[in-house]
Structure formats: C-alpha cells, structure tokens
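Geometric and topological summary
These are the residues of each chain, in order.
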Amino acid sequence: MGNKSRGYAAVVANLAGLFVTTGMYHKAKPLYIEAMEIDEALYEPGHPNRVSVLHNLGSLCVEMGEFDEAQPLFGECERILTESCPKDDPAVAVLAHSSATLYL
C-alpha cells in the first residue's frame, strides 16, 4: 500500500463497489480492506469519514455470509455515528437497517 491519499482510497473503494455490483465479491473485499486501512491511517478513530468504507465492507461481509466479520464493522460505524451525528440523522437509520440484516 504505497499511496495513502484520500483520493486514492476513494478510487479503490469505488472500484470495490464496481466489483460488488458485478458480483465479484472476492475482488471487492481486499480493495475495501485497503481503503479502510488508508482511512485508519488518515483519520482519527472516531472520524465520520471512516464510516462509508466500514459500512460498505460490512455490507459486503453480510452478502458473503461472513456475519461475524460484519458485526464489528457495523459496531464501529454505530460508535462513530453515535458520537458525531444527531439521533435523527439519516445515516443512523441506514446503519440500523444494515445492522438488522445480520439477524434476518
């Protein structure tokens, strides 16, 4: 992982999203992980900019049946959003929906 810029992380995450859309989950997951690691290096642990990649990786894990991997990712999203957003923020509702998929 040579490039640690936010722009590069966004491109990597967008490519991962393309792979998800086309059903190539095995190609998407390492890209989401790379983008997450870049975000971890760039931002403080509770920074809201980390939520998007964490959420997307968690959702991918759900799609792949990796529920034990998805749960801590959604938990981290919840912690960040609880600390940085009002309760009626739409992002909180989206996360609640995604977290509920773990139990369906």
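Overview of the structure. (Residues numbered from 1 in each chain as written. Predicted model: local features only at pLDDT ≥ 70, side-chain atom pairs only at ≥ 80, totals over all residues. Heavy atoms only, no water.)

1. Remarks on the overall build of the protein
Of regular secondary structure, the protein possesses five helices and zero strands. Its helices and strands taken in sequence order, the protein reads α-α-α-α-α from the N to the C terminus. Going through the 104 residues of the protein one by one, you find that 35% of them count as buried. For the protein, long-range pairs separated by at least 24 residues make up 54% of all intrachain contacts whose partners lie at least 6 apart in sequence. (Helix = DSSP H or I, 4+ residues; strand = E, 2+ residues; numbered from the N terminus. Buried < 20%, exposed > 50% of the residue type's maximum accessible area, 1.4 Å probe, protein only. Contact = heavy atoms within 4.5 Å.)

2. With respect to the side chain of Lys29
By secondary structure assignment, the location of Lys29 is in helix H2 (residues 25-42). The class of Lys29 is buried, set by a relative accessible area of 14%. Aside from chain neighbours lying at most four places away, what touches Lys29 is Leu57, Leu60, Cys61, Met64, Glu66 and Glu69.

3. Observations concerning the pattern of salt bridges
With the rule as written, the count across this model stands at seven salt bridges. The salt bridge involving Arg6 is made with Asp39; its shortest N-O contact spans 2.8 Å. With Arg6 in helix H1 (residues 6-21) and Asp39 in helix H2, the pair connects residues that are 33 residues apart, well separated along the chain. A residue is classified by how much of its surface remains accessible, and Arg6, at 31% relative accessible area, is partly exposed. Looking at Asp39, the relative accessible area reads 1%, which means it is buried. Glu76 is paired through a salt bridge with Arg50; the nearest N and O atoms lie 3.2 Å apart. With Glu76 in helix H4 (residues 67-84) and Arg50 in the loop between H2 and helix H3 (51-63), this residue pair connects regions lying 26 residues apart in the sequence. (Salt bridge = Lys/Arg side-chain N within 4 Å of Asp/Glu carboxyl O.)

Bear in mind that shape data such as this cannot, by itself, settle questions of function.
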